[in-house]
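Chain by chain, the residues run as shown.
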Amino acid sequence: MSSLFNDYQPGNFFDEVYSADMAGRPHYKALLGSIGSLTPSDYSALQKTVDAAFLRQGVTFTVYGDNKGTERIFPFDLMPRVIPQREWETVEAGLIQRITALNLFLDDIYHGQKILTDGVLPAELVLSASHYRPEFRGIKVPHGIYIHICGTDLVRDDKGDYYVLEDNGRCPSGASYMMENRNAMKRAFPEMLHSLPVRPVDEYGEMLRETLAHLAPPAVIDPVIVVLTPGIYNSAYFEHCYLAKQMGVPIVEGRDLIVRNDRVFMRTTKGLEQVHVIYRRIDDDFLDPLVFREDSLLGVPGIINAYRKGHVALANSIGTGVADDKAVYALVPKMIKYYLDQDPILPNVPTHLGIEPKECEYILENLENLVVKAVNESGGYGMLMGPSSTKEERSEFTRRIKANPRNYVAQPVLQLSRHPVFVDDHFEGRHVDLRPYVLYGDRVRVVPGGLTRVALKKGSLVVNSSQGGGSKDTWVLWEDRLDMPAETPTVP
Amino acid sequence: MLSRVADSIYWMARYVERAENFSRLLLSTQDLLLDAGVDGVDEAQFWQPILATTGDDEAYHALHQRVTGDDVTAFLALRADNPNSILNCIRAARENARTVRDQISNDIWECLNGLRLFVESDQGQEMHRTQSARFYERVLSRSYEFQGIADSTTPRGDSWHFLRLGTCLERADKMSRLLDTCSGLSLEMSPHRDARPLRWAALLRSCSARHSFQAYHGKPDPKKIIDYLLLDEALPRSVASCVAEVHSALVGLCGAGLGDKMSEPVRHAGRLHADLVYTTVEEVLEVGLHEFIDDLQTRLNQIGDSIFKTFVLNIEDLPELEVSEAESSSGLPLGAYHTDVNEEAQQQQQQQ
């Protein structure tokens, strides 16, 4: 039978859809039947309709380096990525284990620092992380939670095993695209979503609101929650707005807030109104000109003191970036062992630390075979992809690593799993990762699925939107519809 | 409602109305020129008043020495460096909508986003070059669409009041400026049977009021036209109607109040409304149309200023709190988006 997938080549990689002998994996069976039966022009037409809707609705991100503030849609590939429920359960358990350990770690290093005094982690490495905030040590935060919203990046290697690539415990973005992608799929493939037991993601807004409400000062019964955005020029502004709307809370800029008597208020047409919980999408550095960067135009003078006094809660907390440092990342398995006495369910990608002289030597000798990363960069910046690098790039990195070994780590090049992506008029394999969203409130919850990011450039391993990445909807599929739990009751 | 949100909704509506007024003005002037014929007509005489209406006389003459149709239309329609061009008004309306997306209906947002995509597109630019009338009509119909959607999707509360304030104040401002362009013209009709009072007829068209005026009053008579556009509350675009609506929106926001309890914007708007209701066109002409409009403009600005002071700047009614050292707010001005963007703030937003 003719199928859109007839000429598809899984290649020498772990393919999410096909095994090496071109047999479709069982959890993709229904999808391959439906999508495979479309003609290339039907498929293109569906894709164009979805793209046009995204542009019209302004589901976009802002492109920088261009003073016109050009907005683009985040390229979206219609064929969803499917994860069977049983596989998902392992991922979920691994993510919950990890965020639990990370929160215990942050609480520890901002208080007694037992993990350092016990000699489990090297103090000079942890305390030299540039996002460590010594001025925050000894401050009590609500319920001892530091990371409330986490967007962990997962990848699969050539055997299909899951690894954690990054934790993203500061201001992870992308949850809005996860929800909008699902909405687009409901328009494009209603029958498929109707007939398959796909777990819903649209509860994220409500879950996020509950997570935030949990942080409110204890005496407050009906807390005022806001989303704090840097403003409309931020690349993720669409997302800030979207999440605020999903939660039904105001979106504010720094200039809308004012601190009086160590309490935070927003300026309204009827005077000042107190704010209790702030989902802030502004980095620590810009949050309060009285404490961090003085030249910040985006922050709120005095907000940190209000937080210290417990009159307002911030999510995520201050100084969580220490866990995002790529050298500290390498130590997470030790944290899991130390705090939980467990082995990691989701392993780390093996990581060489520049700060260890022997490993540094290894890194410098094997640059061609490694991925080198600066510890504080994200978004695919400050990286050396060894195998595709030029001699000049390698000698530049050699110089940088020698000048500041603490600032660099290296990992083997993972052959990330691939997924079919529609290119012109047929499917080709492209590398993908997965960013699930973990919420830590009165309990830890993981949204089933997440954002599957795709490196759209042929052969590229970099999935970031700033580097030509796109996304896919992610379907966590119950094996049997009868097993699927009844809908979670919604709060009126 | 957040003060910034109120100001953004207000300016969103103002900018849409401004783009609509400019489009209609350009369209009616083009039509007028077609009626006047080309022979012996001094083009500048038709385009100069437009610059006066939009208040861009100075900015235009900084760029051009002579007043020509092509230059004026290009300047007012699509020039990116004219903050008041139709293009920039639509951009500003859309950016303000974007800052309050969570507060307005998706339909309002998609309408303004679609309009901006159109005026910035190659197709839009090409349409303006080759069939400018179609371009203006497109902007006009999108603006009507905006009014309709806003009317049928906005809950009757603060959002609605600020939206109407923006629309009606802008409309009153542009109406009065338009009238002012005719203030130097003779009020006497030419005795000649074929004489066509082109400028007065164009004025009616620029206000979408030609047919309703004819149905009411028949032959265009300057005095009646002034009465109609300025003082007649039956016409929804008349200055008196706009001010009446501004007044009722403000009462909706602050309550009517009496004596000390009356808020400043309500006081200004109510007083101006009463003056318009109890003034006759003869009295207007006695003062002089231009002088009357001058005073009107001052008072409209006064209402706009007091709205900003009351709803955006106002932090007087604070609960009694100890003022800490962190009294000051961040370094950015309060309120809505305007084209003069603070580049440093923009950069910082992008660093996040």
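Residues numbered from 1 in each chain as written. Chains lettered and ligands numbered in written order. Predicted model: local features only at pLDDT ≥ 70, side-chain atom pairs only at ≥ 80, totals over all residues.

Undergrad: Can you walk me through the overall build of chain A in this structure?
TA: A count of helical and extended segments in chain A gives 15 helices and 23 strands. Radius of gyration (C-alpha) of chain A: 23 Å, near the 23 Å computed for a compact globule of 492 residues. Taken along its principal axes, the extent of the C-alpha atoms in chain A is 70 × 60 × 50 Å. Within the span of chain A, comprising 492 residues, buried residues form 49% of the whole. (Helix = DSSP H or I, 4+ residues; strand = E, 2+ residues; numbered from the N terminus. Rg over C-alpha atoms; globule rule 2.2 N^0.38 Å. Buried ≥ 20, exposed ≤ 12 C-beta atoms within 10 Å, placed from the backbone.)

Undergrad: Which parts of the structure should I look at to understand the overall build of chain B?
TA: If you tally the helices and strands in chain B, you get 17 helices and zero strands. Taken over C-alpha atoms, the radius of gyration comes to 21 Å for chain B, in line with the 20 Å a tight globule of 352 residues would show. For the C-alpha atoms alone, the extent of chain B along its principal axes is close to 75 × 55 × 40 Å. The buried share of chain B, reckoned over its 352 residues, is 46%.

Undergrad: For this particular structure, what's the right way to read the interface of chain B and chain A?
TA: By a widely used convention, the size of an interface equals the accessible area lost when the partners come together. Taken together, the 37 residues of chain B in the interface contact 43 residues of chain A. Looking at the side of chain B that touches chain A, the elements that each hand over two or more residues are α1 (3-36), α5 (86-99), α6 (106-120) and α17 (343-351) of chain B. The greatest single-element share of the side of chain B that touches chain A, amounting to six residues, is contributed by α17 of chain B. Class assignment for the residues of the side of chain B that touches chain A results in 13 nonpolar, 14 polar and ten charged. (Contact = placed C-beta atoms within 7 Å. Nonpolar A, V, L, I, M, F, W, Y, C, P; charged D, E, K, R; others polar.)

Undergrad: What am I meant to see in the domain arrangement of chain B here?
TA: Residues and elements named next belong to chain B. Each assigned domain of chain B is listed here: domain 1 (13-154) and domain 2 (156-183 + 199-313). Each of domain 1 and domain 2 has a C-alpha centre, and the two are 22 Å apart. Contacts between domain 1 and domain 2 engage 18 residues on the former and 16 residues on the latter. Of the residues forming the side of domain 1 that touches domain 2, the biggest block, eleven residues, is contributed by α1. Along the lines of polarity and charge, the residues of the side of domain 1 that touches domain 2 split into six nonpolar, seven polar and five charged. (Domains from an automatic or database assignment.)

Undergrad: Can you help me understand unusual backbone geometry in this one?
TA: Negative phi is the rule for most residues except glycine; trans is the rule for most peptide bonds. Residues and elements named next belong to chain A. Look at the link from alanine 315 to asparagine 316: it is a cis peptide, with omega at -10 degrees. Tracing the chain through its elements places asparagine 316 in the loop between β13 (313-315) and α12 (326-329). Residue aspartate 341 is not a glycine yet carries a positive backbone phi of 55 degrees. As for its placement among the helices and strands, aspartate 341 is situated in the loop between α13 (332-340) and β14 (352-353). For aspartate 341, a count of 7 C-beta atoms within 10 Å puts it in the exposed group.

Undergrad: Explain the nonpolar core here, please?
TA: Residues and elements named next belong to chain B. Counting residues in hydrophobic clusters, the biggest one holds 233 residues, and the most contacted among them are Ile86, Ala93 and Val246. There are two domains that each give this core at least three residues, and those are domain 1 (13-154) and domain 2 (156-183 + 199-313). Once residues lying within four places of it in the same chain are set aside, the contact partners of valine 246 are Leu165, Cys168, Leu169, Ala269 and Ile303. (Core = buried A, V, L, I, M, F, W, Y, C linked by C-beta atoms within 7 Å.)

Undergrad: Got a minute to help me understand the packing of α1 of chain B against helix α8 (residues 132-153) of chain B in this structure?
TA: Each pair of packed helices can be described by the angle between their axes along with the distance between the axes. Residues and elements named next belong to chain B. At a minimum axis separation of 9 Å, α1 and α8 run at an interaxial angle of 145 degrees. Like other packed secondary-structure pairs, α1 and α8 cross with a definite hand, here left-handed. Counted together, Val16, Ala19, Glu20, Ser23, Arg24, Leu26, Leu27 and Gln30 of α1 and Ala133, Tyr136, Val139, Leu140, Ser143 and Phe146 of α8 form the full contact between these two elements. Its residues placed into classes, the contact of α1 with α8 shows nine nonpolar, three polar and two charged. (Axes fitted to C-alpha atoms, helices over the stretch in contact; angles between N-to-C directions. Left-handed = near helix turned anticlockwise from the far one by under 90°.)

Undergrad: Just to check I follow, could you spell out the sheet that holds strand β10 (residues 263-268) of chain A for this structure?
TA: Backbone-to-backbone hydrogen bonds join strands into a sheet, with any given pair of strands oriented parallel or antiparallel. Residue and element names in this part refer to chain A. Strand order in the open sheet formed by three strands is β9-β10-β11, with antiparallel pairing between adjacent strands. Among the strands making up the open sheet, the edge pair consists of β9 (257-260) and β11 (271-274). Adjacent strand axes in the sheet meet at a mean angle of 45 degrees when their direction is disregarded. Bridging between β9 and β10 involves four bridges; their strand directions are antiparallel. Across the sheet, residue isoleucine 258 finds its bridge partner in β10, namely phenylalanine 265. (Pairing = 2+ DSSP bridges.)

Undergrad: Is there a simple way to explain the environment of glutamate 253 of chain A in this structure?
TA: Within the secondary structure, glutamate 253 of chain A sits in the loop between β8 (251-252) and β9. Look at glutamate 253 of chain A and you get buried, because 24 C-beta atoms sit within 10 Å. A C-alpha to C-alpha distance of 10.0 Å links glutamate 253 of chain A and arginine 281 of chain A, two positions 28 residues apart in sequence. If we skip the residues at most four places from it in the chain, glutamate 253 of chain A touches Thr229 and Gly231 of chain A together with Arg4 of chain B.

Undergrad: Even after reading the chapter, I still don't get the pairing of strand β22 (residues 451-455) of chain A, so can you show me in this structure?
TA: The two faces of a sheet get side chains in turn, since along a regular strand they alternate between them. All names here are of chain A. With respect to burial, β22 is a largely interior element, five of its five residues being buried. By the alternation rule, side chains of β22 split into Leu451, Arg453 and Ala455 and Thr452 and Val454, which are all buried. For strand β19 (residues 426-435) and β22, the ladder comprises four bridges, and the chain directions are antiparallel. Paired with arginine 435 across the two strands is leucine 451, which belongs to β22. One ladder, built from four bridges, connects β22 with strand β23 (residues 469-477); its direction is antiparallel. Note on β23: the bridge partner recorded for valine 454 is glycine 470.

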